[in-house]
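Chain by chain, the residues:
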Amino acid sequence: MQFTELIAERRSIRKYEAAVPREELELILSEARQAPSWKNQQTSRCYVLETPEKLEELRAEALPSFNRSSSANASLVVTTYVRNVVGF
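An account of the accompanying structure is given in this report. Just so you know, these numbers come straight off a predicted model, no measurement behind them.

## Considering the overall build of the protein
The helix and strand inventory of the protein stands at four helices and two strands. When the elements of the protein are put in sequence order from the N terminus, they spell out α-α-β-α-α-β. Since a compact globule built from 88 residues should have a radius of gyration of about 12 Å, the 16 Å found for the protein marks it as more spread out than a globular shape. Principal axes of the C-alpha set define a box for the protein whose edges measure 40 × 35 × 25 Å. Considering the protein as a whole, with its 88 residues, one finds that 8% of them fall into the buried category. In the protein, of all internal contacts separated by at least 6 residues, the share reaching a separation of at least 24 is 69%. As displayed, the protein offers around 7,800 Å² of accessible surface, 53% of which is attributable to carbon and sulfur atoms. With 12 positive and 12 negative side-chain charges, the protein shows a separation of 8 Å between the mean positions of the two kinds.

Structure below.
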């Protein structure tokens, strides 16, 4: 696919039908871990929020009202990086 085709076909999801199954998230994150990092430092860390109660709590506390309804059923993956490591 050419870049111009990619741009022309891109879309923004405004409503999610269901959360991504755990097995698929594990596969995606496993593949992401294979990506190269500067000097092989592997400074990224991924955290997945899975329980519906905690997802709802986070949506209520952290998202502005206009994003709460459109984030229903969305999977939440947070990526962080180790501080004070070369390449941070």
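Resuming the write-up.
## A look at the environment of Pro 52
Locating Pro 52 in the fold gives a position in helix H3 (residues 52–62). Residues Pro 52 and Asn 84, spaced 32 residues apart in sequence, show a C-alpha to C-alpha distance of 34 Å.

## Brief notes about the environment of Arg 14
Position of Arg 14 among the secondary structure elements: in the loop between helix H1 (3–9) and helix H2 (22–32). Taking relative accessible area as the criterion, Arg 14 reaches 63% and is therefore assigned exposed. C-alpha separation for the pair Arg 14 and Glu 61, spaced 47 residues apart in sequence, amounts to 20 Å.

Conventions used here
Residue positions are counted from 1 within each chain, in the order its sequence is given. The model is predicted, so local features are restricted to residues of pLDDT at least 70 and side-chain atom pairs to those at 80 or more, both for listing and for counting; the totals for chains, interfaces and linings are taken over all residues. Side-chain metrics in this entry use all non-hydrogen atoms of the structure; hydrogen atoms and water are not considered. Under the scheme used here, helices are H or I runs from DSSP no shorter than 4 residues and strands are E runs no shorter than 2 residues, and both carry numbers assigned from the N terminus. For a compact globule the rule gives 2.2 Å times the number of residues to the power 0.38, and the radius of gyration it is set against comes from C-alpha atoms. Accessible area is worked out with a 1.4 Å probe on protein chains only. A residue is then buried under 20% of its type maximum, exposed over 50%, and partly exposed in between. The contact criterion used is simple: two residues touch if any of their non-hydrogen atoms lie within 4.5 Å. A 1.4 Å probe and the Shrake-Rupley method give the accessible areas. Residues count as covered only by the protein chains that appear here. Lys and Arg are tallied as positive, Asp and Glu as negative. Neither His nor the chain termini are counted. Each charge is placed at NZ for Lys, CZ for Arg, CG for Asp and CD for Glu.

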